[in-house]
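Spelled out from the first residue to the last, the chains are:
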Amino acid sequence: MDNVSISFEKGEVHALIGENGAGKSTFIKTLSGAITPTSGTIVFEGKEYSHLEPRQAIDLGIAVVYQELIQFEAMSVADNIFMGVKDEEGFILDDKTRVEKSRELLKIFDCHVDPATLIRDLSIANRQIVELAKAIVKKAKVVVMDEPTAAITMAEQEKLYKVVKQLKESGVTVIYISHRLEELFIICDRVSVLRDGQYVTTCDIKDLTKQDMIKYMVGRELTNAYPPKAPHSDEVIMEVDNVSGNGVHDISFKLHKGEILGFAGLVGAGRTELMHVLYGAAKKEAGTIKINGKEVNFRSTADGMKAGIGLIPEDRKFQGCFIDKPIFWNNSISCIDTLTKAGVVDTKAEMKLAQEYKERLKTKTPTLTQLTSGLSGGNQQKVVIAKALAALPEILIFDEPTRGIDIGARYEIYLLMNELAEQGKAILMVSSDMEELLGMSERIIVLHEGHQSAELQKQEFSQEKVLACASGV
C-alpha cells in the first residue's frame, strides 16, 4: 500500500473494492494487526495508533472474517464459535452452554448444522457462517467481511444480507469486500476503491453504476463481461452413463470437444462430489465413464491425470496448490516426470515452464521463487490453473473458477477458458455464480440432492429455470 487514507463511519456498510493485488488484503491485515505499517496512523474511536497488535485489535472490537477461513478444523462448530469467550464472571463456557448458544446463533442464519459437528466436515458455505457467528459473539464494533458470499448460494446470500443489516442497525461498522459488484448496491452505503496499492476514490453507492466501479478498479472501460466463444465440435470426448458414487446417483451426459458444460445446483447438490468421481478422487460405485470411446475406471487421481483430466478445485488453499511452496514448484509438479533426466530435475526447463505460464496467465508476482501463500487470491488461482494446464489435459474441470476473484482477473480466466475450448479441450465448469453459468456455459446440467434434475440447452437458459430445477421443481 502507498499512502492510503480512508475513513469509516459508525453504523455504515462500506465496500472496499479493487482488483486482486490492489491492496485490499494488506489493508485489512493492517487493521487486524497481522501487518505493521511502515508509516501512517490508525485512528479508532478518536485514539491514534502507529499500529495494532492482533490481541489489541480484537480487544478494541475489530473482527475480520477472512476469505481463506482460519479455523480449528478438528474441533466442533461450538468450540470454534466460542474459542476464548468467557462469561460475565470470567470463566470459560462449559460444553453444554457453548452448544446451546451456538444453536441460537446459527438460527439467525437459518443454519441447522449440529454445533457438535467438526469444522472439517462442513461445506465451505457453512464454514463461512461459523465465522460470521464468531464475529457476532465477540460483539465487534467493526466487522470486516472478505468475500463473504463467494462460496454460498443465492438463498444463503439473502440471509447474510439480513445479518449485515442487523449489524448496521445495532451500530456496527461493516467493511465489506466483494468482487460481486451487483450485491454492493443491495447492502452498501459507500464504496472505496484501491488500485495498485493506492487509494482511488470514495463514493456514495447511490451515485455509482457497476460500470463506474469497474472503470475505477481497472483504470479502463470493460464493456463485455463474457467474451464470445466459437461453437464446439460434435465429437464426443467424454461419455458419462448412469454414474453413481460419493453421494451422487445416476448421472448421465456427453461432453464434446471444445465445449464448456456448466453444472448448477444448490450447496450440497453434489456438483463437487461428482467432479471428484470423474477425476478419480472419489470412488465410482456404478455406471460407466468413457473417454474418447474407451471405458475408464479410476482408482486414484493419478489415473485421472493419466487419462487426460485436469482439476482446478474450489478450495485452492487446501486442494488446489501447495500453498507453502514457490510458484515455479507448483507449476511443474504435475509434469515433473517430463522435466526430469536420470532422476535429476532440469531446473532451467522448470523455470522456463513457470515463466511461460506466468506470462500466459498474467500472474502478478515479483519473482517465480515467491511462495504461493504470499500471492493475492486471484494470483493463487492462476498458479492452480497453471499447475493443471502443465500436465496438458484434454478435459479440464473448473470448480468455482472465479471464486473471490476480481472482475478484471475473471475476464482473463474467461478468455483462457475460451482459448482452451478453441484448442479442442473440453471444460466441465461448476459455478455458484448464476451470471457466470449463464454467460459461459453452452449447456447446463442441474443437480438436486445428488440427482440430475435437468439438462438445459442455451436457448432454454434463464435464472428462474436454473433455480427452479436446482430446487427440485
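Predicted, not measured: the structure shown is a model, and the values here were computed from it. (Residues numbered from 1 in each chain as written. Predicted model: local features only at pLDDT ≥ 70, side-chain atom pairs only at ≥ 80, totals over all residues. Heavy atoms only, no water.)

Details of the packing of helix α13 (residues 347-361) against helix α14 (residues 377-389)
One can describe the packing of α13 onto α14 by two numbers: an axis separation of 10 Å at closest approach and a directional angle of 125°. Judged on the interaxial angle alone, α14 and α13 are oblique. The handedness of the crossing between α13 and α14 is right-handed. Between α13 and α14, the contacting residues are Tyr357, Arg360 and Leu361 on the first element and Lys382, Ile385, Ala386 and Leu389 on the second. Residues belonging to the contact of α13 with α14 are distributed by class as follows: five nonpolar, no polar and two charged. (Axes fitted to C-alpha atoms, helices over the stretch in contact; angles between N-to-C directions. Helix = DSSP H or I, 4+ residues; strand = E, 2+ residues; numbered from the N terminus. Parallel < 35°, antiparallel > 145°, perpendicular 65-115°, else oblique. Left-handed = near helix turned anticlockwise from the far one by under 90°. Contact = heavy atoms within 4.5 Å. Nonpolar A, V, L, I, M, F, W, Y, C, P; charged D, E, K, R; others polar.)

Examining the pairing of strand β5 (residues 142-146)
Of all five residues in β5, five are buried, a share of seventy percent or more. Side chains of β5 alternate between two faces, with Val142, Val144 and Asp146 and Val143 and Met145 buried alike. Here strand β4 (residues 62-65) runs beside β5; their pairing, made up of four bridges, is parallel. Residue pairing in the sheet places Val64 in a bridge with Val144 of β5. (Buried < 20%, exposed > 50% of the residue type's maximum accessible area, 1.4 Å probe, protein only. Pairing = 2+ DSSP bridges.)

Quick notes on the domain arrangement of the protein chain
Each assigned domain of the protein chain is listed here: domain 1 (13-218) and domain 2 (236-470). A separation of 29 Å is found between the C-alpha centroids of domain 1 and domain 2. Both faces considered, domain 1 and domain 2 share a buried interface measuring about 2000 Å² in area, 54% of it formed by carbon and sulfur atoms. Scanning the region where domain 1 abuts domain 2 turns up one salt bridge. (Domains from an automatic or database assignment. Buried area = accessible area lost by both parts, 1.4 Å probe. Salt bridge = Lys/Arg side-chain N within 4 Å of Asp/Glu carboxyl O.)

A word on the pattern of salt bridges
In total, this model carries 23 salt bridges according to the counting rule given. Between Arg190 and Glu9 there is a salt bridge, with the nearest N and O atoms lying 3.9 Å from each other. Of this pair, Arg190 sits in strand β7 (residues 190-195) while Glu9 sits in the segment before β1 (13-17); the two residues are 181 residues apart in sequence, bridging distant segments of the chain. Where Lys210 meets Glu435, a salt bridge forms, and the shortest distance between an N and an O atom there is 3.9 Å. Placement of Lys210 in helix α8 (residues 210-218) and of Glu435 in helix α16 (residues 434-440) is noted, with a sequence separation of 225 residues between them. Residue classification places Glu435 among the partly exposed residues on the basis of a relative accessible area of 38%. A single network of salt bridges, built from pairs that share partners, joins Glu9, Glu12 and Arg190.

So, unusual backbone geometry
With a phi angle near 55°, Asn3 is a residue other than glycine that sits in the positive phi range. Positive phi is not limited to glycine here, since Lys362 has a value of about 55°. The topology assignment puts Lys362 in the loop between α13 and α14. Given a relative accessible area of 53%, Lys362 falls into the exposed group.

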